[in-house]
Amino acid sequence: MIDIHSHILPGLDDGSPSLEESVEMMRIAARTGTTDIVATPHANLEYSFELELTERKIAELAAAAGPEPRIHRGCDLHLSYDNIQQALARPSRFTIDGGTYLLVEFPDLLIIRTAGDIFDMLLGAGVVPIITHPERNALLQQRLGELEGWVEQGCRVQVTAQSFLGRFGRQAREFAELLVRRGVAHLVASDAHDAEDRPPDLAGAYDYLRRKYGEEVAQRLLVDNPRRVLESRPIEVFEKPSATGKKWYRFW
Ligand SMILES: [Fe+2]
């Protein structure tokens, strides 16, 4: 499996506090079947993102923990005005491995009315925004239509693995399931912050999705689509008519 969202690097944000913890997280990831993990430190009002420091921490962690899983670089970009300006000016500093895809995080308590315009600008700059864990955002849970609109625009959606297992409550779990059923969940990732409470373990979610929706769905969300992200290849989405007249999506 490939994990495109984690706070595995030590001392950069509210994720791993120490190199020891990060090494333990690496062990958990390797043991539970993750071959590649993207280190995505926060860029938000509390933590600033430094590419060079991130790359140095990746090298240190790889040296301490060994070659598995492979560590890639990314950024968990909070949708603030400054961040967006910076990402537009130099997208490859923030995108995953300097490629096409960028993790974007909505504020908890407000819906940005200009989100569609921001996504247009990013897409126009060759960046595909990946909207992270909308199922954990109480406001986005009420805005499925808007979320689908952003997907139509070209954004893709990442759901947190533990949401399927109830870690973030019943509403997050139900919304995560709804996103899968409607075809607007494209990627599942750990968003790991430590080795205990929020570990980089995708095995439980894979198993859950496989049993509930079949191997193909689990494979797509945790292996195939994340690989497309690493390789900067498109995750295609097709609209599919349904009996209810509501929009449905099918994707590669
Ligand atoms: Fe995150």
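On a predicted model such as this, the values are computed, not experimentally measured, just so you know.

**Brief notes about the overall build of the protein**
Scanning the protein for helices and strands turns up eight helices and 11 strands. For a compact globule of 252 residues, the expected C-alpha radius of gyration is about 18 Å, and the protein comes in at 17 Å, within 12% of that figure. Reported as C-alpha extents along the three principal axes, the dimensions of the protein are approximately 55 × 40 × 30 Å. Each of the 252 residues in the protein was classed as buried or not, and the buried ones make up 55%. Taking as baseline every contact in the protein between residues at least 6 positions apart, the subset at least 24 positions apart corresponds to 74%. Of the roughly 11,000 Å² that the protein leaves accessible, carbon and sulfur atoms contribute 48%.

**Considerations on the coordination of the iron ion**
Only His-5 (NE2), His-7 (NE2), Asp-76 (OD) and Asp-191 (OD) from the protein coordinate the iron ion, and they sit 2.1 to 2.4 Å from it. Metal-centred angles of 80 to 168 degrees between the four donor atoms at the iron ion mark the site as irregular. Counting residues between consecutive donors of the iron ion along the chain gives the motif H-x1-H-x68-D-x114-D. A residue pair is termed long-range when its members are at least 10 positions apart, and His-5 in strand β1 (residues 2-6) and Asp-191 in the loop between β9 (187-189) and α7 (203-213) qualify at 186 residues. In terms of burial, His-5 and Asp-191 fall into one category: buried.

**Some words on the state of the cysteines**
Overall, the coordinates contain zero disulfides when judged by the stated rule. The thiol of Cys-75 is unpaired, and the distance to the nearest cysteine sulfur, on Cys-155, comes to 16 Å. Classification of Cys-155 by relative accessible area gives buried; the value is 0%.

**Notes on the sheet that holds β9**
Pairing in this open sheet of six strands is parallel, and the strands run β3-β5-β6-β7-β8-β9 from one edge to the other. With one partner strand each, in any of the chains shown, β3 (42-43) and β9 form the two edges of the open sheet. Pairing analysis gives three bridges linking strand β7 (residues 128-132) to strand β8 (residues 156-160), with the strands arranged parallel. Residue pairing across strands places Ile-130 opposite Arg-156, the latter belonging to β8.

**Description of the packing of aromatic side chains**
In total, this model carries five aromatic pairs according to the counting rule given. Aromatic side chains Phe-106 and Phe-119 sit 6.1 Å apart centroid to centroid with 70 degrees between the ring planes, which places their arrangement in the edge-to-face category. Note that Phe-106 is positioned in the loop between β6 (101-105) and α4 (115-124) and Phe-119 in helix α4, a separation of 13 residues in sequence. Put simply, the rings of Phe-106, Phe-119 and Trp-150 touch in pairs and so form one group of aromatic residues.

**So, the sheet that holds β1**
Strand order in this open sheet of three strands is β1-β2-β4, and the pairing throughout is parallel. The sheet terminates laterally at β1 and β4 (70-73), the two strands that pair on one side only. This sheet shows a mean twist of 25 degrees between the axes of neighbouring strands, independent of strand direction. Across three bridges, β1 lies against strand β2 (residues 36-39) in parallel orientation.

Thresholds, definitions, all that
Residues numbered from 1 in each chain as written. Predicted model: local features only at pLDDT ≥ 70, side-chain atom pairs only at ≥ 80, totals over all residues. Heavy atoms only, no water. Helix = DSSP H or I, 4+ residues; strand = E, 2+ residues; numbered from the N terminus. Rg over C-alpha atoms; globule rule 2.2 N^0.38 Å. Buried < 20%, exposed > 50% of the residue type's maximum accessible area, 1.4 Å probe, protein only. Contact = heavy atoms within 4.5 Å. Areas by Shrake-Rupley, 256 points an atom, 1.4 Å probe, with all protein chains shown as cover. Donors = N, O, S within 2.8 Å, 3.2 Å for Na, K, Ca; no water. Tetrahedral: all angles 85-135°; square planar, octahedral: opposite > 155°, others 65-115°. Disulfide = S-S within 2.5 Å. Pairing = 2+ DSSP bridges. Phe/Tyr/Trp six-rings, centres within 6.5 Å; stacked < 30°, edge-to-face > 60°. Axes fitted to C-alpha atoms, helices over the stretch in contact; angles between N-to-C directions.

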